[in-house]
Structure formats: structure tokens, C-alpha cells
Amino acid sequence: MTSYRPPEGRPTSPHLPFGDRRDAPWYGQSIISVRQFQPADLDYVFGVAHEMREMVGRVGTFDLLKGKLLANLFYEPSTRTASSFMAAMQRLGGTVIPINEVRYSSVSKGESLPDTIRTLECYADCIVLRHPQMGAAAEAAAVARKPIINAGDGVGEHPTQALLDLFTIAIELGRYSPRTGLDLSGLTITLLGDLKYGRTVHSLSRLLAPMDVRLNFVSPPTLRMPEHLMTELATGTARTTELDALDPVLADSDVLYVTRVQKERFEDVALYESLKHAFVIDRQTLTRARDTMIVMHPFPRVGEIAYDVDPDPRAAYFRQMENGMYVRMALLAMVLGKA
Ligand code: CP
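Numbering of residues begins from 1 in every chain and follows the order in which that chain's sequence is written. Thresholds applied to this predicted model are a pLDDT of at least 70 for local features of residues and 80 or more for the giving and counting of side-chain atom pairs; totals over whole chains, interfaces and linings are not thresholded and use all residues. In computing side-chain properties, one takes all heavy atoms of the structure into account and sets aside hydrogens as well as water.

> Explain the packing of helix 1 (residues 39-59) against helix 5 (residues 159-172) to me, and be specific about the residues and the numbers.
Every axis corresponds to a line fitted to the C-alpha atoms, with the helix fit spanning only the stretch in contact, and the corresponding angles, defined between N-to-C directions, vary from 0 to 180 degrees. In this text, helices come from DSSP runs of H or I with a minimum length of four residues, and strands from runs of E with a minimum of two, each type numbered from the N-terminal end. Following both chains from N to C, one finds helix 1 and helix 5 inclined at 75 degrees, their axes separated by 11 Å at the closest point. In terms of orientation, helix 1 lies roughly perpendicular with respect to helix 5. Of the residues in helix 5, those touching helix 1 at Leu42, Phe46, Ala49, His50 and Arg53 are Leu163, Leu166, Phe167 and Ile171. Classification used: nonpolar for Ala, Val, Leu, Ile, Met, Phe, Trp, Tyr, Cys and Pro, charged for Asp, Glu, Lys and Arg, polar for all others including Gly. By residue class, the composition of the contact of helix 1 with helix 5 is seven nonpolar, one polar and one charged. Roughly parallel means an angle under 35 degrees; roughly antiparallel, over 145; roughly perpendicular, 65 to 115; everything else is oblique. Contact criterion: two residues are considered in contact whenever any of their non-hydrogen atoms come within 4.5 Å of each other.

> Could you give me a rundown of the sheet that holds strand 4 (residues 148-153), with the residues and numbers involved?
Spatially, 2-1-3-4 is the arrangement adopted by the four strands of the open sheet, whose pairing is parallel. Both edges of this open sheet fall to strand 2 (95-99) and strand 4, since each of them pairs with a single strand only. Taking the axes of each pair of neighbouring strands and ignoring which way they run, one obtains an average angle of 15 degrees across the sheet. DSSP bridges decide pairing: two strands pair if at least two such bridges lie between them. For strand 3 (residues 126-131) and strand 4, the ladder comprises four bridges, and the chain directions are parallel. Bridge pairing in strand 4 places Val128 opposite Ile149.

> Before we move on, could you go through the domain arrangement of the chain and cite the residues and values that matter?
Segmentation of the chain into domains, including their bounds, is taken from an automatic or database domain assignment. Per the domain assignment, the segments making up the chain are domain 1 (34-157 + 322-335) and domain 2 (159-316). Here the C-alpha centroids of domain 1 and domain 2 sit 24 Å apart. Around 2,500 Å² of area is buried between domain 1 and domain 2 when both sides are counted, 65% of it from carbon and sulfur atoms. Accessible surface is computed with a 1.4 Å probe, and the buried area is the amount of it that two parts give up when combined, taken over both parts together. The largest per-residue losses of area from domain 1 upon contact with domain 2 belong to Val34, Phe46 and Val155, which jointly make up 25% of the total buried on that side. As a salt-bridge pair, Glu157 and Arg206 come within 3.1 Å of each other at their nearest N and O atoms. Here a polar contact is taken to be a pair of N or O atoms separated by no more than 3.5 Å, where protein atoms must pair a possible hydrogen donor with a possible acceptor and residues adjacent in sequence count only if both atoms sit in side chains. The interface formed by domain 1 and domain 2 holds 11 residue pairs in polar contact (both at pLDDT 80 or more) in total. Listing elements by their share of the side of domain 1 that touches domain 2, those giving two or more residues are helix 1, helix 2 (80-91), strand 3, strand 4 and helix 11 (317-335). If you tally residues by element for the side of domain 1 that touches domain 2, the top one is helix 1, at seven residues. Here the residues of the side of domain 1 that touches domain 2 are counted per class, giving 11 nonpolar, nine polar and nine charged. Counted as salt bridges are all cases of a side-chain nitrogen of Lys or Arg within 4 Å of a carboxyl oxygen of Asp or Glu.

So this is what it looks like as C-alpha cells:
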């Protein structure tokens, strides 16, 4: 998939209701790939997310997006992404059309993705789309007049997850403040599990590639990072290593980012069964890690992090989920011209 750019000359939005700021960065833009985000953009997103976190802490909900409507269009199951986008919109005073089960929509009668998108944008100001096919979000954005936000396109990308992951790393390790910006220099980030099909690790490693960090990719040999992605990452400044064991890099890791083996991407169920518990992180594993290391996971987990890890303060995955709402509040405000 090539990097997404909005078609030249296409109006990003047909009108400017309710005092939208057309000069706001990201106004009317679709968010399809992390490749759209330069380092200065990350500071901007995190600055807005930081403000959102403070506002939610202070007042809970507020009317920044009052009068705005989001369509949540999910062709694949989701708990966190769907509900955090809904919560984000509602915290900002907006409303949501939830289509979390497309089989109850006209998709089940054979309606195409472009027709579904062009229908929903008649009613909504922005569409969040999850789809099993890589490239589907770019396809939707190519026909849409309203912003499309990619909530996961098959084994392609999950850009909003990667942004919330990076925000979490920065906040947890004290590497971001609105005054100094983002600086992850010198960190060692170990990504573990299903690196072949895991779209969250694809997006996150792309965001980290231009930084001064070490990236360890630990997986069973059959679930290594795709070759094209490793070639792409090699053009960045991050130092990368591929391994099939965690122990050689665990003690030096600042972040352990664990992923689920993605059953739904396997044609061979026996192969999935043989790999699903290739790595299991438990309390014992953490005895060999730094006291300051954080454990992250995009969730859902299906056995790769034992429940006995949850009470450990290094378990950051539930705080990571909460950060998802703040980052998605920021992104919605940005594309709807209110940030
Ligand atoms: N992290 C994530 O995408 O979770 P959901 O599949 O529940 O949205």
C-alpha cells in the first residue's frame, strides 16, 4: 500500500458549519497511515491529547464538538477502538451512528464499500472505518468528501492505535511534556509475538523508525515482520534486530510490547494452535526485567500475558487503553477543525 495523500483539488468538506476553522492543521484530512505524521505532527497531536486528558479530568465532558456527528463503521469486531471513539465523541459533546455489526446493515445485501461510505457521509461529519482488507481505508478516502479515520485495515495499518501507543510510551517513561515535546532518544523497545499479521506493530514501528531508538522484533520464525517492512524501516535511524527468543533482550528493554497471535489471519488452524502460546509473559518473566520497564499490549489478550502480571505497576496496558480515548479525542477535534 502506498502512502495516503488526499487527491489534489478535492474539497475536503462541502461546508463550514458551526465556526469550523478551515486553517486548522488536519482540518478535513483523512487519517489513513502513520506515514502522514512527521515528528512535529506528533508533538501537535500529543499536545492536544494532553489537553484532552486534563479537560476530562476537570470537567468530564465538554461541548467542543457539539453538533458534530461521527459514523463508526466496523466490518470487523472491536471493543477498544469502537468504544473509545464513541466515548471520545461523546466526551466532546458530539454524537455517534454506531454500525458495529455490518451484517445488520445493507452491506449484508451486497452494498459496496464506496456506496456505504458515500451514504454515511450524507449524515455524518467524519467516518471511522475498520475493515478486513488492507487498503480499504485509502479506498474509502478516495471517494469520500468527509474525513475517514482508519481504525485498522486488515494486516495493513492501525494508525490511531500506534499514536496512542507512542503517547503511552512517552507519558509512562517521562519522555513527553507540552513544553519540551517528544524525545524517545536512547530507548529500547521490544515488540513481541505475531509481527507478521499484527497491524499495530506495523504502524508503531513505522512511527519509531525515524527516531534514535533500538527496536527488537521477537517472534516465532514464521511470524517475523514482513520483509518489505524491514526494508522500509532500514531507511530510518532506528537500529533493528530480529530474534526468536526474548531472553537476550529482555533485561535491556524499556518497553515490552506484546501482541496476540492473530487466529483470524490463519488459514491453517493447526499452525495457529502450535504458535498461539509461543511466548507467555508472566510474573516470573518480569523478575528478569528492569523495574522501570513497561509492559504494553493493544489487546485483546488470549493467554500471552498471564493475569498475574496485572497487579505489577509495570503493566501499562489498561492505562494505554485510557490514553486511546484522549488521543482519539485529539484526532477527532483536529479533523473536524476544532483543534
Ligand atoms: N487494540 C484494538 O484495536 O482493540 P479492538 O480490536 O478491541 O478495537
